[in-house]
Amino acid sequence: TDTLMSIKDEALTSVNDLTNLVHEKEAALVEMSELLKMNNQANEKILTHANDKYTRQLAEKEMCIQNLFRIIQRQQFGESEHFRKLIKEKEKIQRDLASIKLE
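Just so it is clear, the structure is predicted and the values come from calculations on it, not from any experiment. (Residues numbered from 1 in each chain as written. Predicted model: local features only at pLDDT ≥ 70, side-chain atom pairs only at ≥ 80, totals over all residues. Heavy atoms only, no water.)

*Asks:* Before we go on, may I ask you to explain the overall build of the protein chain in this structure?
*Replies:* Along the backbone of the protein chain there are one helix and zero strands. Relative to a compact globule of 103 residues, whose C-alpha radius of gyration would be 13 Å, the protein chain shows 44 Å and is clearly more extended. Judged by the C-alpha coordinates and their principal axes, the protein chain covers about 150 × 15 × 5 Å. Placing the 16 positive and 18 negative side-chain charges of the protein chain at their respective mean positions leaves the two points 23 Å apart. (Helix = DSSP H or I, 4+ residues; strand = E, 2+ residues; numbered from the N terminus. Rg over C-alpha atoms; globule rule 2.2 N^0.38 Å. Lys, Arg positive; Asp, Glu negative; His and termini not counted. Charge placed at Lys NZ, Arg CZ, Asp CG, Glu CD.)

*Asks:* Got a minute to help me understand the environment of Asp96 in this structure?
*Replies:* Along the chain, the position of Asp96 falls in helix 1 (residues 2-102). Residue class for Asp96 comes out partly exposed when judged on its relative accessible area of 36%. The sequence separation of Asp96 and Lys85 amounts to eleven residues, and the corresponding C-alpha distance is 16 Å. (Buried < 20%, exposed > 50% of the residue type's maximum accessible area, 1.4 Å probe, protein only.)

*Asks:* Mind showing me how you'd approach the environment of Met63 here?
*Replies:* Turning to its location among the elements, Met63 is positioned in helix 1. Met63 gets classed as partly exposed once you look at its relative accessible area, which sits at 44%. The spatial distance from the C-alpha of Met63 to the C-alpha of Thr13 is 74 Å, given a sequence separation of 50 residues.

*Asks:* Whenever I open this one, a nonpolar patch on the surface confuses me. Can you help?
*Replies:* A contiguous nonpolar surface patch, about 390 Å² in accessible area, is contributed by Met32, Leu35, Leu36 and Met38. Counting through the fold element by element, Met32 comes out in helix 1. (Patch = residues over 30% accessible without salt bridge, like charges linked within 9 Å, V, L, I, M, F, W, Y side chains within 5 Å. Areas by Shrake-Rupley, 256 points an atom, 1.4 Å probe, with all protein chains shown as cover. Salt bridge = Lys/Arg side-chain N within 4 Å of Asp/Glu carboxyl O.)

Don't take any of this as a statement about function, it's just geometry.
In structure tokens, the structure reads:
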């Protein structure tokens, strides 16, 4: 019976040890789960910040392109307006010359 008691005590000790090991593993899993959750939250913040930053930069670059396009349009319009004025001046000079020749 002493042998049976000894085996029983060893079995109980083994069960207790395994139970403690299970509890440790569960605690480790909970801790790991919390760490993963914190890591995911940090990654989400980083991605959100990066997305916001690059969205702002893209909007700024788009605004620059639009402004450059407007400048080019104004220059083209200004040049064509300048050419129209030159043509009108040329026509006036030609009319003046024609009238001088007729006199």
